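Residue-level structure breakdown
Given next are the chains, with one letter for each unit.
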Amino acid sequence: MHDDPAEAGLEVAEELLEALGAEPQLLLAFVSTRMDPAPALAALNRELPGAKVVGCSSYAEINSEEALSGSLTVMGLRLEGVAFETFSHTDVASGPFEAGAAFARKVEGFEPSLLMVFPDGLAYNGTRLLQGMQSVLGERFPIVGGLAADDAKFEQTHQLHDARCLTGAVVGVALRGDIRVATAARAGWRPVGATRTVTKVDGGNVLLELDGQPALPILRGYIGERWSEMPMVGVEFPLGVVGGQLGHQRLEEREDIVLLRAIKAVDEERQAIVFGGDIPEGARVRLSRATKDDVIAGADAACEAALAELPDPSIALFFDCMARKVVLGPRYKDEVEGSMARLGPEVAKVGFHTFGELSPVNGVTMHHDETFTLALIKG
């Protein structure tokens, strides 16, 4: 953390060289938009010229010890026995699905085992971008990551690829080799009220009808007197998918939430609800709410689930929705610190607070909202 972003980059480079004893091969970099990312990136490239860089701007950052705000946070890796390559795609004119497919075609020839991506969190429909990648790489290919964020002004995000500071792009790193990966995604929000079926959607993310009825009056009736606080109060009452049609998957109905969708805006004229990600017709959904303790318990559950699958990771990557930080307020550090305590000090950790998360559910990567996602890697 430094008032001068170039000095922040210099200090990070010096610490990484000291800790690793050699220049890292790959840098995963997350930078607050309180800090100009270009001088910080230039300093990293100057001091560590042999390292490839991939990352993005963030709402808040996560290092190996705690959650932070206003920092440049970087993980340096030396990957023995693991091949990697960084990629970017900047053409958004053709639309998010096409951009995702074009990005994936660049990655496909590398024949990776895992893809980590950091798309622009404002320029793209994250769900459609992911679907474009999956159209090339396959629905069950493991993709993890988070959508780049700013400091909740929702104006501009940045993506970092080697020496370039981009906007409106998708960047990522593909890993190939003998690695094991375990992922988990949990929110902590509890479903309440009746289960309903999504019967009419426009453009993927505009919910027009539930059970054949206009969606907005149903939401208004549930939120009640707090309706005057919309749209910000919407992050407290996301819509939870509990079964039915979800992309190409048909899920059995369950008591817990599979996927959350954050309310981005309301459309009074059409009596509709606008979400940050797509909500498929045929999904079975319930409104939801959570206490701060519920939200923190969701992060704990994600960590426990990932560790049950991979109990001896060497790296932990956190992709944590900015809405959780908003809901938790001063307690936003608690959910990260709980996971860190379970993982132990020997596991290297890094991550950021996102505008959306990418993590598998039942083996198929989904675009999440308001969710704590975790990827554990063992090389």
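Residues numbered from 1 in each chain as written. Predicted model: local features only at pLDDT ≥ 70, side-chain atom pairs only at ≥ 80, totals over all residues. Heavy atoms only, no water.

Turning to the overall build of the protein, a few remarks are in order. When helices and strands are counted, the protein shows eight helices and 26 strands. Its C-alpha radius of gyration of 20 Å places the protein within 12% of the 21 Å reference for a compact globule of 379 residues. Across its three principal directions, the C-alpha atoms of the protein cover 60 × 45 × 40 Å. On the protein, roughly 14,900 Å² of surface is accessible, and the fraction owed to carbon and sulfur atoms is 48%. In the protein, 34 side chains carry a positive charge and 55 a negative one; their mean positions are 5 Å apart. (Helix = DSSP H or I, 4+ residues; strand = E, 2+ residues; numbered from the N terminus. Rg over C-alpha atoms; globule rule 2.2 N^0.38 Å. Areas by Shrake-Rupley, 256 points an atom, 1.4 Å probe, with all protein chains shown as cover. Lys, Arg positive; Asp, Glu negative; His and termini not counted. Charge placed at Lys NZ, Arg CZ, Asp CG, Glu CD.)

Remark: the empty space left among the atoms is shown by a probe the size of a water molecule rolled over them. Empty space within the largest pocket amounts to approximately 900 Å³. Taken together, 36 residues make up the lining of the largest pocket; nearest its centre are Leu-16, Ser-64, Val-74, Met-75 and Gly-76. If you list the elements that add at least two residues to the lining of the largest pocket, you get helix H1 (5-20), strand S1 (26-32), strand S5 (72-77), strand S22 (315-321) and strand S23 (348-354). Take the lining of the largest pocket: its biggest share by element is seven residues, from H1. Within the lining of the largest pocket, the residues separate by chemical class into 23 nonpolar, seven polar and six charged. (1 Å grid on protein atoms, 1.4 Å probe; cavity = no way out; pocket = protein on both sides within 12 Å on 5 of 7 lines; lining within 4 Å. Points joined across faces, edges and corners; volume = space filled by probe spheres on them. Nonpolar A, V, L, I, M, F, W, Y, C, P; charged D, E, K, R; others polar.)

Restricting attention to buried positions, one finds in helix H8 (residues 332-343) the residues Tyr-332, Glu-335, Val-336, Gly-338, Ser-339, Met-340 and Leu-343. Where H8 ends, the next residue or the one after it, Gly-344, has phi of about 90 degrees, a positive value. (Buried < 20%, exposed > 50% of the residue type's maximum accessible area, 1.4 Å probe, protein only.)

This part is about the environment of Met-75. Within the element layout of this structure, Met-75 appears in strand S5. Sequence separation between Met-75 and Glu-85 is ten residues; the distance between their C-alpha atoms is 16 Å.

The subject of this paragraph is the sheet that holds S1. Spatial strand order, S5-S1-S2-S9-S10: five strands in an open sheet with mixed pairing. The strands lining the two open edges of the sheet, one partner per strand, are S5 and strand S10 (164-166). For this sheet, the mean angle separating the axes of adjacent strands, direction not counted, is 15 degrees. Strand direction decides the pairing type here: S1 and S5, joined by six bridges, are antiparallel. Bridging across to S5, Leu-28 finds its partner in Met-75. Along the sheet face, H1 touches S1 and S5 and points at about 30 degrees away from the line of S5. Contacts between helix H2 (residues 37-47) and the sheet are confined to S1, strand S2 (52-58), S5, strand S9 (159-161) and S10, with S10 contributing the most and set at about 155 degrees to the helix. (Pairing = 2+ DSSP bridges. Axes fitted to C-alpha atoms, helices over the stretch in contact; angles between N-to-C directions. Contact = heavy atoms within 4.5 Å.)

Let us look at the nonpolar core. In terms of nonpolar packing, the biggest core is built from 55 residues, with Leu-115, Met-133 and Leu-376 touching the most fellow members. In terms of residue count, the dominant contributor to this core is helix H6 (residues 292-309) (seven residues). Ignoring anything within four residues of it in the chain, the contact list for Met-133 reads Gly-100, Ala-101, Phe-103, Ala-104, Leu-115, Val-117, Gly-138, Ile-143 and Val-170. Ile-223, Leu-239, Val-241 and Phe-275 belong to the second largest nonpolar core, which has 29 residues in total. (Core = buried A, V, L, I, M, F, W, Y, C linked by side-chain atoms within 4.5 Å.)

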